[in-house]
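# A look at the structure
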Amino acid sequence: MEKLSTKLWLIGGTALVVVLVIAAMGMARQTSKDSFCVTCHAYEKVSWDYGKHPEVGCIACHTKGVVRDKTAGMRKVMLTLTDRVDPHRDNLPSYKDKINDNCVACHFTEERLALMPIFKERHDEYRKHSATCMGCHEAGHVIKLRELRQTGVRLKI
Ligand code: HEC
Ligand code: HEC
Ligand code: HEC
Ligand code: HEC
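None of these values were measured; they are calculated from a predicted model.

Calculation notes
Residues numbered from 1 in each chain as written. Chains lettered and ligands numbered in written order. Predicted model: local features only at pLDDT ≥ 70, side-chain atom pairs only at ≥ 80, totals over all residues. Heavy atoms only, no water. Phe/Tyr/Trp six-rings, centres within 6.5 Å; stacked < 30°, edge-to-face > 60°. Helix = DSSP H or I, 4+ residues; strand = E, 2+ residues; numbered from the N terminus. Lys NZ or Arg CZ within 6 Å of the ring centre and 35° of its normal. Near = heavy atom within 4 Å. Polar contact = N/O pair within 3.5 Å; in protein donor to acceptor, adjacent residues only side chain to side chain. Salt bridge = Lys/Arg side-chain N within 4 Å of Asp/Glu carboxyl O. Donors = N, O, S within 2.8 Å, 3.2 Å for Na, K, Ca; no water. Tetrahedral: all angles 85-135°; square planar, octahedral: opposite > 155°, others 65-115°. Buried < 20%, exposed > 50% of the residue type's maximum accessible area, 1.4 Å probe, protein only. Domains from an automatic or database assignment. Expected span 1.5 Å × (residues − 1).

Now for the packing of aromatic side chains. For the coordinates displayed, the defined rule picks out one aromatic pair. Both rings, one in Phe108 and one in Phe119, keep their centres 5.4 Å apart while their planes meet at 45 degrees; by these two values the pair is tilted. With Phe108 in the loop between α6 (96-107) and α7 (110-115) and Phe119 in helix α8 (residues 117-126), the pair connects residues that are 11 residues apart, well separated along the chain. We note Arg127 situated over the ring of Phe108; from NZ or CZ to the ring centre the distance is 4.9 Å.

Structure below.
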């Protein structure tokens, strides 16, 4: 009798874990979509739509790995829900250095560099002069539009 109930617990427990893992995977996928980001970052959507990378999703540039994305994301949802930051009105922090690795991951692949040795040669030199690609490239967001978002007059209600 006792053995049977242990077995049932094991089966039940395993089933629960499987369901939770599937649910978490689904959530992770939904919260990585551009449409999710845009609910809070409408300004950034516009400066991205008109930029050079509208075909590259938000997360491709803004990721630091799933675990860090999701913990940072949960913190941001909390900040928004508790009204400590209003992402539509407040100036948001901006970290070019966090994004740089992802630029490199797409543009400096072995294949690309092998196809374009001059590109590599020149960029080895260029990169000595700027800590990030953004020192020279307007990537992701149109800077003019991006700055409007940072300086726009907002009414406090
Ligand atoms: C529930 C609202 C909300 C959603 C949804 C949201 N964000 Fe944010 N985001 C915020 C808030 C609030 C901040 C400011 C955080 C702070 O002050 O530290 C922020 C800051 C940022 C920043 C700048 C600071 C940093 O950590 O790099 C980036 C980039 C960013 N979000 C990208 C995204 C992306 C990409 C998505 C979709 C995967 C997304 N956000 C979804 C609310 C949100
Ligand atoms: C090709 C890469 C790229 C893509 C795609 C991209 N971004 Fe960015 N994003 C950047 C860079 C680079 C910065 C830092 C801007 C700077 O300081 O020059 C940035 C900054 C931000 C910030 C911080 C606030 C600010 O203005 O600096 C937020 C929020 C943000 N992006 C959200 C988004 C959202 C939402 C999407 C998708 C709709 C997106 N980004 C798509 C590269 C990208
Ligand atoms: C997911 C991959 C991906 C990421 C991440 C990415 N890019 Fe791109 N980038 C592309 C694609 C695709 C194009 C358009 C086709 C091409 O020129 O290769 C492009 C185009 C460009 C161009 C040429 C634009 C022109 O004038 O023709 C530059 C410069 C550039 N990206 C810089 C950056 C920088 C800087 C970052 C980091 C903020 C970045 N990219 C992040 C994929 C990416
Ligand atoms: C000091 C300035 C400078 C820095 C820093 C820089 N670039 Fe460039 N980049 C240029 C110039 C100038 C060109 C056009 C001439 C050339 O290809 O050498 C260019 C061209 C490009 C192109 C387009 C090549 C094509 O197919 O037309 C891409 C993509 C690119 N850079 C990506 C990056 C990435 C990613 C970074 C960061 C790792 C970066 N650049 C850093 C100056 C810079």
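Positioned with a positive phi, Asp83 is a non-glycine residue whose angle comes to about 65 degrees. Relative to the assigned elements, Asp83 resides in the loop between α5 (66-81) and α6.

The next subject is the site of ligand 1. Contacts to ligand 1 come from 19 residues, most closely from Cys37, Cys40, His41, Lys76 and Pro93. One of the side-chain N or O atoms of His41 is found 2.8 Å from a nitrogen atom in ligand 1. The contact in question runs from an oxygen atom of ligand 1 to an N or O atom on the side chain of Arg75, over 3.2 Å. Taken together, the elements giving at least two residues each to the shell around ligand 1 come down to α2 (34-40), α4 (58-62) and α5.

Quick look at the pattern of salt bridges now. All chains considered together, the criterion is met by five salt bridges. A salt bridge links Asp49 to Lys45; the nearest nitrogen and oxygen atoms lie 2.5 Å apart. Of the two residues, Asp49 and Lys45 both sit in helix α3 (residues 42-49), four residues apart, roughly one turn of that helix.

Listed as protein donors to the iron atom of ligand 4 are His123 (NE2) and His137 (NE2); their distances from the metal cover 1.9 to 2.0 Å. Around the iron atom of ligand 4 sit six donor atoms; with metal-centred angles ranging over 87 to 178 degrees, the donor geometry is octahedral. Here the residue His123 occupies a position in helix α8, and His137 occupies one in the loop between α8 and α9 (143-151), the gap between them amounting to 14 residues. When its relative accessible area of 13% is taken as the criterion, His123 is described as buried.

The next subject is the domain arrangement of the chain. Considered domain by domain, the chain is made up of domain 1 (1-30) and domain 2 (34-151). Taken over C-alpha atoms, the centre of domain 1 sits 38 Å from the centre of domain 2.

Let us look at α6. Helix length check: α6, at 12 residues, gives a terminal C-alpha distance of 16 Å against a target of 16 Å (1.5 Å per residue), a fit within 8%. Residues of α6 that are buried include every one of Ile99, Asn100, Asn102 and Cys103, and no others.

Surrounding the iron atom of ligand 1 are the protein donor atoms His41 (NE2) and Lys76 (NZ), at 2.0 Å. In this structure, the iron atom of ligand 1 is surrounded by six donor atoms whose angles at the metal cover 77 to 179 degrees, and the resulting shape is octahedral. Separated by 35 residues along the polypeptide, His41 in the loop between α2 and α3 and Lys76 in helix α5 bring together distant segments of the chain. Accessibility expressed as a relative area gives 44% for Lys76, which makes it partly exposed.

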